[in-house]
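# Close look at the chain arrangement
What follows is each chain in one-letter form.
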Amino acid sequence: MTHEEGDGAVPCPHCATTDNAPVAEARTDKRGYRVGLPNKLAPAPDHDAVVDGCAHFAEGLVLAGLAGFAADHFADKWGLPRSEVIGGIVAALMVVGLIFFLRSENRDARRVRAGRDRAAELTGDARYCFPCGGVFHPSGTPWQGLVTPDQYRRHVWTGAGYGDLLDGKGQAAPMP
C-alpha cells in the first residue's frame, strides 16, 4: 500500500505498510481488542472516583461490620472480657483504614483528571501499526521510529503527571 494524501493513510516507519490507525481508533478496533489495546494504549488509568469511592466505602463498611461481629463473637466464645470493645476497636480501625484508602483513590483520580489535557497533547498524531504491534508518530516528534505500547503508555502517563500509577510492566518499559 502507498501513502495517499487526504485518506489518512500513513506508512509505518518500520514495515512501510499503511495498516495502522490513530491510537484512539486502534483501541476500539476489533483487532485491537484481541491484543488488549484498550488497556495498553490507554491515555490514562481508568479512574471513576465517585462510583469506585462509593462502592469501596460500602464494601469497607460491610467488612468492618463483619470484623467487629467476628471479634465480638470469638472473644465471647473464648471467654475474653469486654468483647464488645474488641469488636468496636476492630471495626473502627477498619473504617479509619478505609478512609485513608478512599482519600488516596480520590487524590489519584484528581491527578488523572488534571492530566487528561496534557495526555491528549502527548498522544497527538500517534498511530498504532497492527502488523508491527508498535506505536509511531508520523511527524517524528517526540521520537523517531516505532516503540512498544508499554513504552508509549509510559511516555504519555509520565508526561501527564501520573506515571507512578503504571503497573510493573509499564514502569519497567524504557522511555522512548
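In the block above lies the structure referred to throughout.
To keep things clear, this report deals only with the structure shown in the data block.

The rules behind the values
- Residues numbered from 1 in each chain as written.
- Predicted model: local features only at pLDDT ≥ 70, side-chain atom pairs only at ≥ 80, totals over all residues.
- Heavy atoms only, no water.
- Helix = DSSP H or I, 4+ residues; strand = E, 2+ residues; numbered from the N terminus.
- Expected span 1.5 Å × (residues − 1).
- Buried < 20%, exposed > 50% of the residue type's maximum accessible area, 1.4 Å probe, protein only.
- Salt bridge = Lys/Arg side-chain N within 4 Å of Asp/Glu carboxyl O.
- Core = buried A, V, L, I, M, F, W, Y, C linked by side-chain atoms within 4.5 Å.
- Phe/Tyr/Trp six-rings, centres within 6.5 Å; stacked < 30°, edge-to-face > 60°.
- Lys NZ or Arg CZ within 6 Å of the ring centre and 35° of its normal.
- Pairing = 2+ DSSP bridges.
- Axes fitted to C-alpha atoms, helices over the stretch in contact; angles between N-to-C directions.
- Contact = heavy atoms within 4.5 Å.

### Describing helix α6 (residues 149–160)
Helix length check: α6, at twelve residues, gives a terminal C-alpha distance of 16 Å against a target of 16 Å (1.5 Å per residue), a fit within 8%. In terms of burial, α6 is largely enclosed, as nine of its twelve residues are buried. Burial in α6 covers these residues: Pro 149, Asp 150, Gln 151, Tyr 152, Arg 153, His 155, Val 156, Trp 157 and Ala 160.

### Points about the pattern of salt bridges
Summed over all chains, the structure comprises five salt bridges. With a closest N to O distance of 3.2 Å, Glu 121 and Arg 118 form a salt bridge. Of this pair, Glu 121 and Arg 118 both sit in helix α5 (residues 83–123), separated by three residues, roughly a single helical turn. In this structure Arg 118 comes out as partly exposed when scored by relative accessible area, which is 38%. One salt bridge connects Asp 167 with Arg 153, and the closest N-O pair in it is separated by 3.4 Å. Of this pair, Asp 167 sits in the loop between α6 and α7 (168–172) while Arg 153 sits in helix α6, placing them 14 residues apart in sequence. The class of Arg 153 is buried, set by a relative accessible area of 8%. A network of salt bridges, in which partner residues are shared, links Asp 108, Arg 111 and Asp 164.

### A closer look at unusual backbone geometry
Excluding glycine, residues mostly carry a negative phi; peptide bonds, for their part, are mostly trans. A cis amide bond links Thr 141 with the next residue in sequence, Pro 142, at an omega value of 15°. A positive phi is found at Ala 16, a non-glycine position, where the angle reads about 70°.

### Here's the deal with the nonpolar core
Proteins that are soluble and globular tend to have nonpolar side chains buried together. Residues Leu 41, Tyr 128, Val 135, Tyr 152 and Tyr 162 are the most contacted members of the largest nonpolar core, which totals 21 residues. Sorting the residues of this core by element identifies α1 (23–28), α5 and α6 as the ones contributing at least two each. Among the elements that take part in this core, α6 stands out by supplying four residues, more than any other.

### What about the packing of aromatic side chains?
Throughout the structure, instances matching the rule amount to three aromatic pairs. When the ring of Tyr 128 is compared with that of Phe 130, the centres are 5.2 Å apart and the planes differ by 85°; the resulting orientation is edge-to-face. The burial state of Tyr 128 is the same as that of Phe 130; both residues are buried. Sitting above the plane of the Trp 157 ring, Arg 153 keeps its charged end 5.4 Å from the centroid.

### Points about the environment of Thr 18
As for its placement among the helices and strands, Thr 18 is situated in the segment before β1 (20–22). For the pair formed by Thr 18 and Phe 130, sequence separation is 112 residues and the distance between their alpha carbons is 9.2 Å.

### Overview of the sheet that holds strand β3 (residues 134–136)
Sheet architecture is open: three strands sit in the order β1-β2-β3, paired in antiparallel fashion. Looking at which strands have only one partner, the edges of the open sheet turn out to be β1 and β3. Each adjacent strand pair in this sheet contributes to an overall mean axis angle of 30°, direction not counted. Of the strand pairs in this sheet, β1 and strand β2 (residues 127–129) are connected by three bridges, and their pairing is antiparallel. Pairing of Ala 21 across the sheet is with Tyr 128, part of β2.

### Describing the environment of Gly 145
Along the chain, Gly 145 falls in the loop between β3 and α6. Distance in space between the C-alpha atoms of Gly 145 and Gly 134 is 9.3 Å, their sequence separation being eleven residues. For Gly 145, the contacting residues outside a window of four places in its chain are Pro 13, Val 135 and Phe 136.

None of this, on its own, says anything about what the molecule does.
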